[in-house]
Number of protein chains: 2
Amino acid sequence: MRIQHLDQTTRQNLLEDLLKRSPNQYGEYEQGVLEILDAVRKEKDKALFDYTEKFDHAKIDAETLRVTEEEIEEAYRLVDPDLVRIIRKALENIRAYHEKQRQYSWFDSRPDGTILGQKVTPLKRVGVYVPGGKAVYPSSVLMNIVPAKVAGVEEIVMVTPPGPNGKVAPNTLVAAREAGADVIYKVGGAQAVGALAYGTESIPKVDKIVGPGNIYVALAKKAVYGHVSIDAIAGPSEILVIADDSANPRYVAADLLSQAEHDELASAILVTTSETLAKEVSDQVETFVQELSRGEIIQKSLDRYGYILVAETMEEAIDTANEIASEHLEIQTRNPYEVMTKIRNAGAIFIGEYSSEPLGDYFAGPNHVLPTNGTAKFFSPLSVDDFIKKSSIISYSKDALYKVHEDIEAFAAAEQLTAHANSVKVRFEEE
Amino acid sequence: MRIQHLDQTTRQNLLEDLLKRSPNQYGEYEQGVLEILDAVRKEKDKALFDYTEKFDHAKIDAETLRVTEEEIEEAYRLVDPDLVRIIRKALENIRAYHEKQRQYSWFDSRPDGTILGQKVTPLKRVGVYVPGGKAVYPSSVLMNIVPAKVAGVEEIVMVTPPGPNGKVAPNTLVAAREAGADVIYKVGGAQAVGALAYGTESIPKVDKIVGPGNIYVALAKKAVYGHVSIDAIAGPSEILVIADDSANPRYVAADLLSQAEHDELASAILVTTSETLAKEVSDQVETFVQELSRGEIIQKSLDRYGYILVAETMEEAIDTANEIASEHLEIQTRNPYEVMTKIRNAGAIFIGEYSSEPLGDYFAGPNHVLPTNGTAKFFSPLSVDDFIKKSSIISYSKDALYKVHEDIEAFAAAEQLTAHANSVKVRFEEE
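What counts as what
For every chain, the first residue of the written sequence is number 1, and numbering continues from 1 onward in sequence order. The order in which chains are written sets their letters, starting at A; the order in which ligands are written sets their numbers, starting at 1. Only residues with pLDDT of 70 or above have their local features reported here, since the model is predicted, and side-chain atom pairs are shown and tallied only from 80 upward, although totals for entire chains, interfaces and linings are computed over all residues. Hydrogens are left out, water is left out, and the side-chain values use all remaining heavy atoms of the structure. Here a strand pair is declared whenever DSSP counts at least two bridges between the two strands. Helix and strand definitions follow DSSP, with helices as H or I runs of at least four residues and strands as E runs of at least two, each counted in order from the N terminus. Helix axes are fitted only over the stretch in contact, all axes being lines through C-alpha atoms; the angle between N-to-C directions runs from 0 to 180 degrees. Salt bridge criterion: a side-chain nitrogen from Lys or Arg within 4 Å of a carboxyl oxygen from Asp or Glu. Each residue is assigned to one of three classes by its accessible area relative to the maximum for its type, calculated with a 1.4 Å probe on protein chains only: buried under 20%, partly exposed between the two thresholds, exposed over 50%. The contact definition used throughout considers only heavy atoms, calling two residues in contact when any of these lie within 4.5 Å. The copies were overlaid by least squares, fitting only the C-alpha atoms of residues that reach a pLDDT of 70 or more in each copy. UniProt positions are given in the numbering used here, feature names are shortened, and annotations may be inferred rather than shown by experiment.

## Focus: the sheet that holds strand β2 (residues 106-109) of chain A
Pairing in this open sheet of nine strands is mixed, and the strands run β2(A)-β3(A)-β14(A)-β13(B)-β12(B)-β9(B)-β10(B)-β11(B)-β1(B) from one edge to the other. Looking at which strands have only one partner, the edges of the open sheet turn out to be β2 of chain A together with β1 (3-5) of chain B. Along the sheet, successive strands turn relative to each other by an average axial angle of 20 degrees, direction set aside. Relative to strand β3 (residues 115-122) of chain A, β2(A) runs antiparallel, the two sharing four bridges. Opposite A:F107, over in β3(A), you have A:G117 as the bridge partner.

Written as structure tokens, this is what we have:
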């Protein structure tokens, strides 16, 4: 891995380079995505069948679009029982963590008859996109469905592209059933997003679409945003490790590669105050790349978006981490909690040398759907918050309104909204 | 106002009609907006000055772009001291309500050395868009700035278009100062959104852009979504009143008109179980329209998007309200709290006959920036939530990781992510 000393130019170039991976920069695919969405809106199911044949090389019709009970039972026969056990253990942790995110309706009443409050309501129907293709990620199924279930969503509609044999991977189906998907449709890509956003004869319109996907899925989600809600536009995965000379180079190297293996656009960055650690990690990375099955992807990802940055001070390392706002941030330093207090921007923060990133991907409980590509500056991990919404409650008694009615009328008059003023005035004019 | 009996066809037609007002349907303006954004990204300040001259007929340069301390002092001299007093009272209520929305970091520790948590961090810099032009809404300034201040945002950058004299309305400036804007720039439209999203020589890039605006502003916000965060795409205002025969027709009529006066696309709907009330409200509306200064706008809005719907049962009325998911919902029935329990979708719920909608616009405390156009099915009122973000915290001890490391390795192996498995494995291989 390349080693660079941190200075303002390096930092600036790095930031610009990383942002090039953003789904906002892929305008070239946008027209195609809009055409697919338009076709789904107009031709509904038919468009889904056509695109599934074209892109997934699978023949699907109104009969086979929906995953059957038999297919799920078959999946359970095919999946290693030990994986089912592990999925159940992971689910327990994920549920326990997300339970703590619940939000509650509240109100505040005063003796003059005023009640103000905030009512929390779960979304009614949610669509969960699960990628298919070569990579099958049952963990992603769990992470997207559990927060919706905990929030109290009534119906969870899952979509995932079928393989050329017209089937969904057994691991995916088992994870979906365990997590609580209500119905699963075999459709993927921008066409699946269109189906969830507009509804077809077979697939009901949802209130929100969540789940990671490729660039077509990301652009389709962006296009339907506003018509329905979406989680966030997921970009390629990232890890940033802050380490000092106390860190174990072997652990740091292994953790960097755990994200680099995702895809060639993934980014793995070490920011360290130790020149010695920098060299050791770089050497260790070379060794691992030789041994790992996804070495080729890792090498490409490291060549393009992998960096070992040597900082003068821990402050400088932390500033860089905050600027990059990485999806995953590991802190492997002598006082990791002290460093944590200074972290403003990160999707998930892994503290100490035994909190390796994959622990969070699979098992610990926090969600692994995290803001990428610098968006941790303003977005949050997927959570129960994503599946609820709030309504304000305003309830005034006659007395309470009387006390303020003149002020409201004057404020409305200042905005030249006379019908606003009138609606308060009429309530007291007859007195 | 037209009176219709509620049936499935009426309901369906009505829903489709209302959705036509959505900013998602204005594709024709999109190209122009994208061109403006592109120009701002490339030419920065220069583009702002050019567009301000073109659209706002005001000459602005690097010297005059930023509102000065002198301009604010001048504004205080021009604004009615009574309005300043009312603004301060309103601010007190708005702050008190939003304080209750604060969210806190939490953690959960277990004796085996596991710590899981969620860290809450305010956004660093936020842009607030305030419309200018003929209508000046100081209340909007308060509602957009207060939740950001309560959340702890470090810097609030306000933008608002200048009048042809190159000045911002005094009411707006006073409201901005009172609410706590840190800096105010005289620029509006899509160009202001572009400046906040990308930064220019004068205006710093922000993390999130909030605030209502016209169709150009809405489309620009949608276009930059993902690069920065945005609040929501605001559509025209709406009110839906659920009333039974106990309601006062004069109050109901006045409240309907308070939203109809906003603009010609605004929608005002009464759903009632009482045919008598329907007729009385319709008559009362006619009377008010004659008297009110914005009668012409009101009449156009009512002709296009105003309805009095007569429902067979209260259940049917409630179902209709939930389907329409109105920005403002008033409940004027004998048992308004019982009706409230059945409301799933509404931006703000006004309960009882003395909770007229303008009370919420100006004074009560809850935010008046609310989801419009059916988006209350999945969006929430603007709140402190909009100005914070969360990071997950994961911290495992060696013992805690040891207990689960085999399960994590097996899960990663099932997903064929060998570098993920490796990053856990290396931590225990030397033992």
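## A few points about the pattern of salt bridges
Counted according to the given criterion, the structure contains 55 salt bridges over all chains. For A:D108, the salt bridge goes to B:K100, with nearest N and O atoms at 3.7 Å. Linking A:D108 in strand β2 with B:K100 in the loop between α5 (81-99) and β2 (106-109), this pair reaches from one chain into another. One salt bridge connects A:E155 with A:R125, and the closest N-O pair in it is separated by 2.9 Å. Taken together, the residues A:E155 in strand β5 (residues 155-159) and A:R125 in strand β4 (residues 125-129) connect sequence positions 30 residues apart. Judged by relative accessible area, which is 27%, A:R125 ranks as partly exposed.

## Some points on the sheet that holds strand β1 (residues 3-5) of chain A
With respect to topology, nine strands assemble into an open sheet ordered β1(A)-β11(A)-β10(A)-β9(A)-β12(A)-β13(A)-β14(B)-β3(B)-β2(B), the strand pairing being mixed. Here the strands that pair on one side only, and so sit at the sheet edges, are β1 of chain A together with β2 of chain B. Here the strands of the sheet are splayed against their neighbours by 20 degrees on average, with no regard to which way each runs. Relative to strand β14 (residues 388-395) of chain B, strand β3 (residues 115-122) of chain B runs antiparallel, the two being bridged by eight bridges. Directly across from B:L116, in β14(B), lies its bridge partner B:I394. Across the sheet, helix α10 (residues 249-260) of chain A lies against β9 (238-243), β10 (267-272) and β12 (328-332) of chain A, angled at about 165 degrees from β9(A), the strand it touches most. Sheet strands in contact with helix α11 (residues 275-291) of chain A are β1, β9, β10 and β11 (306-310) of chain A, and its direction is about 160 degrees off that of β11(A).

## What about the relation of the copies chain A and chain B?
Turning chain A through 180 degrees and shifting it by 0.0 Å along the axis lays it on chain B, with an RMSD of 0.0 Å. The superposition operator between the copies reduces to a two-fold rotation axis. Scanning chain A for the C-alpha nearest the rotation axis identifies A:K222, at a separation of 4.4 Å.

## Quick notes on the UniProt feature "binding site: Zn(2+)" (unreviewed entry) in chain A
Taking the UniProt record as the reference, the feature "binding site: Zn(2+)" (unreviewed entry) is found at A:Q259, A:H262, A:D361 and A:H420. Spanning 162 residues, the annotated positions stay apart in the fold, the maximum distance between their C-alpha atoms being 56.0 Å. Positionally, A:Q259 belongs in helix α10. Here A:Q259 falls in the buried class, since its relative accessible area comes to 0%. Mapped onto the fold, A:D361 is located in helix α15 (residues 357-362). Here A:D361 falls in the buried class, since its relative accessible area comes to 7%. Residues in contact with A:D361, not counting those within four places in the same chain, are A:S139, A:M143, A:Q259, A:H262, A:H328, A:H368 and B:H420.

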